[in-house]
Each structure stands twice: as C-alpha cells, then as structure tokens.
Amino acid sequence: MSLEILVTARADGGTQGVYRHPSGVTGTDMSFSVYVPPHAPGAKMPVLWYLSGLTCTHANVTDKGGYRAACADHGIIFIAPDTSPRGDGVPDVDVYDFGQGAGFYVDAVRAPWAQHFKMRSYIETELPALIAAEFPQADMTRQGITGHSMGGHGALTIALRNPARFRSVSAFAPIVSPMHCPWGDKALGGYLGDDRTVWRDYDACALIEDGARLPDLLIDQGDVDSFLADQLKPELLTEACAAAGMQMTLRMQPGYDHSYYFISTFMPDHIAWHAARLNA
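Keep in mind that what you see is a predicted model, and the values were worked out from it rather than measured. (Residues numbered from 1 in each chain as written. Predicted model: local features only at pLDDT ≥ 70, side-chain atom pairs only at ≥ 80, totals over all residues. Heavy atoms only, no water.)

**Observations concerning unusual backbone geometry**
Link 1 in the chain: For the bond running from A111 to P112, omega is 0 degrees, close enough to zero to count as cis.
Link 2 in the chain: Among the secondary structure elements, P112 is positioned in the loop between β5 (77-81) and α3 (119-134).
Link 3 in the chain: You will see that T55, though not glycine, has its phi angle at about 75 degrees, which is positive.
Link 4 in the chain: Structurally, T55 can be placed in the loop between β4 (45-51) and α1 (58-64). (Helix = DSSP H or I, 4+ residues; strand = E, 2+ residues; numbered from the N terminus.)

Listed below in structure tokens is the structure:
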C-alpha cells in the first residue's frame, strides 16, 4: 500500500496528520486522520478509532472533536476514517442520508452500491492493516472504538462482531437499531436489499439479541437531540443489554443536542474511560 501524507502539524505535543491511500476494498482513494501523541522513542501506544456520522469526513472530528489534549494526557493514538468512498465514478444521490457521506459501515450487496461501498471491510480489515504497517507506534493489541450517530452505529456493530479486537467501546448519540428507524430503513434496504434477516448483522440490538457480547459500553446522549425519539432510540439498547445481562452506562446529558458542541464537551470523558481499559 502507498500512503500519501496530505497534512502534518504539531498539536498538544504530538503530531496531527491527514493521509490518503488507494483502497483495494472500495476501489477509490480513501482519506483519514491520525493523531499520534507525544511519546518516548520506541514506545507503543493503544489506538482509539472514531467513526463519524452522516455527511461527515475525517475532518469534522479532526477540526471540532476536542480530543488531542486528552489523547496526549493518556498516551492514545486517535484515528478518524472517512464515512464512505468518494470520487468520480462513485454512485451518489441528492440526499444527505444515503450515498456518499452515508456509508453506514456496511458492505453493500445491491447495485450500484456494491462495487465501492464496502465500509465494513475497510474498517474491519484494510485500514487496520495499513495502520499496523505504517504507524509502528500503534499497539494493535490494544484497540478501542467510539463514534457519533451513524458512526456510533458503526462502532457498536463492528465491536460486537469483533469482540476480541476491542478492549473498550463507547458512542455519542448512536443509532442503536437501524432496523427500527427511518435512517436505517433507507440505508440497510438500499445497500443490502429487502431481506431483513441480513440486516441483523448491522444492528447493535439485534446482534446482542443473537448472542454478541461486550464487557461494557458507555453511551452519552443529549436530551434535546432533535433525532432522539425517531432515529436514535437509546432505550432499545438499554432493553437489549438488560435482557442479555450486559453492562451499559447511558448518560442522558441535559440541554445537549446532536452537534459537535455536545461531542467535544464529553470527548475527554470518553478518552479517559477508554484509557482506563486500554492502559490497564
């Protein structure tokens, strides 16, 4: 794999970079950002993945997420991929919640999406291999994952399918059950087809019902989030975890919405929570 450096800058004692590479999985160039905190020569540090939400690229959290100081304090590498393939020849539609910017972290099987929209394989397989090869500071035996909204859905489902890979899992205002909300109906139906049994592999609540387990989860959710009742439905995850005997902490944050003002406020808490598990 060839890795192109787009940007590097000094930040909180470490290095913030933005990179691009040709993806064999998506058949496109893919961009992502990596923050490497200050460290001693030869040190190996745990990795925290952040998956972004609808319409976003790596740039939203990189510019507005407020993670670098906390990552520097705790010695954690922070990786932010894109949310979908992009570029000439990649299909798109003129809506915000489907197509480019809305990959939903699935491997699409329906035309015309199947050729490029392979975000599950990209996040689960290709990008981790690239990180391991290109960032020798990354300790790939200590990984955590978090995300926001559609990216919270991605973080939960990827972790539930790969519990041996992740020591810690959290989310900000996640879509907890795409099978039971309009965003999910559009995305899973459009990318995967009408067989709802196939959708279960991309629904955190369904995965838990089907036996997937994690040691514990941390969820933060703003109580004035405009998507709370119709799209996010955290109570469904609470019910699934309770039925499975799985530990979950849901913090309803009064007065907070769905924006990066909310995310950046609680990002240091999440990084400290991940650090306690990744550095144990």
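Anyway, onward from the coordinates.
**Some points on the sheet that holds strand β6 (residues 138-147)**
Link 1 in the chain: The nine strands are arranged β1-β2-β3-β5-β4-β6-β7-β8-β9 in an open sheet whose pairing can be described as mixed. Among the strands making up the open sheet, the edge pair consists of β1 (4-11) and β9 (247-253). Taken pair by pair, the neighbouring strands of this sheet meet at an average axis angle of 20 degrees, ignoring direction.
Link 2 in the chain: With three bridges joining them, β4 and β5 adopt parallel strand pairing. Bridge pairing in β5 links V47 to I77. (Pairing = 2+ DSSP bridges. Axes fitted to C-alpha atoms, helices over the stretch in contact; angles between N-to-C directions.)

**Overview of the packing of aromatic side chains**
Link 1 in the chain: By the definition in use, this model includes 15 aromatic pairs.
Link 2 in the chain: Ring centres of Y35 and Y67 lie 6.4 Å apart, and the angle between their planes is 65 degrees; this geometry places the pair in the edge-to-face category. Here Y35 is found in strand β3 (residues 29-36), whereas its partner Y67 is found in the loop between α1 and α2 (68-74), with 32 residues between them in sequence.
Link 3 in the chain: Given a relative accessible area of 1%, Y67 falls into the buried group.
Link 4 in the chain: Aromatic side chains F98 and W113 sit 4.8 Å apart centroid to centroid with 80 degrees between the ring planes, which places their arrangement in the edge-to-face category. Placement of F98 in the loop between β5 and α3 and of W113 in the loop between β5 and α3 is noted, with a sequence separation of 15 residues between them.
Link 5 in the chain: The class for F98 is buried, based on a relative accessible area of 8%.
Link 6 in the chain: Taken together through their ring pairs, the aromatic side chains of Y35, Y50, Y67 and F78 make up a single cluster.
Link 7 in the chain: Positioned over the ring face of Y67 is R68, at 5.0 Å from the centre of the ring. (Phe/Tyr/Trp six-rings, centres within 6.5 Å; stacked < 30°, edge-to-face > 60°. Buried < 20%, exposed > 50% of the residue type's maximum accessible area, 1.4 Å probe, protein only. Lys NZ or Arg CZ within 6 Å of the ring centre and 35° of its normal.)

**Regarding the pairing of strand β8 (residues 216-222)**
If a strand is regular, its side chains alternate between the two faces of the sheet.
Link 1 in the chain: When you tally the buried positions in β8, you get seven out of seven residues, the bulk of the element.
Link 2 in the chain: Sheet analysis places β8 next to β9, joined by seven bridges and oriented parallel. Looking at β9, one finds that D216 is bridged to Q247.

**Here we look at the state of the cysteines**
Link 1 in the chain: In this structure the tally under the stated criterion is zero disulfides.
Link 2 in the chain: Distance from the sulfur of C71, which forms no disulfide, to the nearest cysteine sulfur (C56) is 18 Å.
Link 3 in the chain: Judged by its relative accessible area of 0%, C71 falls in the buried class.
Link 4 in the chain: Left without a disulfide partner, C241 is nearest to the cysteine sulfur of C205, which lies 7.4 Å away.
Link 5 in the chain: With a relative accessible area of 2%, C241 lands in the buried category. (Disulfide = S-S within 2.5 Å.)

**Points about the nonpolar core**
Link 1 in the chain: Judged by nonpolar contacts, the single largest core of 87 residues is most densely connected at F78, Y191 and L237.
Link 2 in the chain: Top element by residues in this core is helix α10 (residues 260-278). It accounts for eight residues. (Core = buried A, V, L, I, M, F, W, Y, C linked by side-chain atoms within 4.5 Å.)

**Considering α3**
Link 1 in the chain: Along α3, the largest kink reaches about 35 degrees and is centred on E126; proline P128 follows within four residues of it.
Link 2 in the chain: By the burial criterion, the buried members of α3 are M119, R120, Y122, I123, E124, E126, L127, P128, L130 and I131.
Link 3 in the chain: Packed against the buried residues of α3 are β2 (14-22), β3, β4, β5, β6 and α4 (150-161). (Bend = angle between axes of the 7 residues up to and from the residue. Contact = heavy atoms within 4.5 Å.)

**What about the pattern of salt bridges?**
Link 1 in the chain: In total, this model carries 13 salt bridges according to the counting rule given.
Link 2 in the chain: The partner of E4 in a salt bridge is R20, with the nearest N and O atoms 3.1 Å apart. Residue E4 is found in strand β1, and its partner R20 is found in strand β2; the two are separated by 16 residues along the sequence.
Link 3 in the chain: With relative accessibility at 40%, the residue E4 sits in the partly exposed group. (Salt bridge = Lys/Arg side-chain N within 4 Å of Asp/Glu carboxyl O.)

**Things to note about the environment of A129**
Link 1 in the chain: Along the polypeptide, A129 turns up in helix α3.
Link 2 in the chain: Between the C-alpha atoms of A129 and M140, which are 11 residues apart in sequence, the distance is 9.4 Å.

**Remarks on the side chain of S84**
Link 1 in the chain: Among the secondary structure elements, S84 is positioned in the loop between β5 and α3.
Link 2 in the chain: Only 2.7 Å separates the side chain of S84 from the backbone nitrogen of G101, close enough to count as a polar contact.
Link 3 in the chain: Non-local contacts of S84, meaning those with residues more than four positions away in its chain, are made with M30, G99, Q100, G101, A102, G103, F117 and M119. (Polar contact = N/O pair within 3.5 Å; in protein donor to acceptor, adjacent residues only side chain to side chain.)

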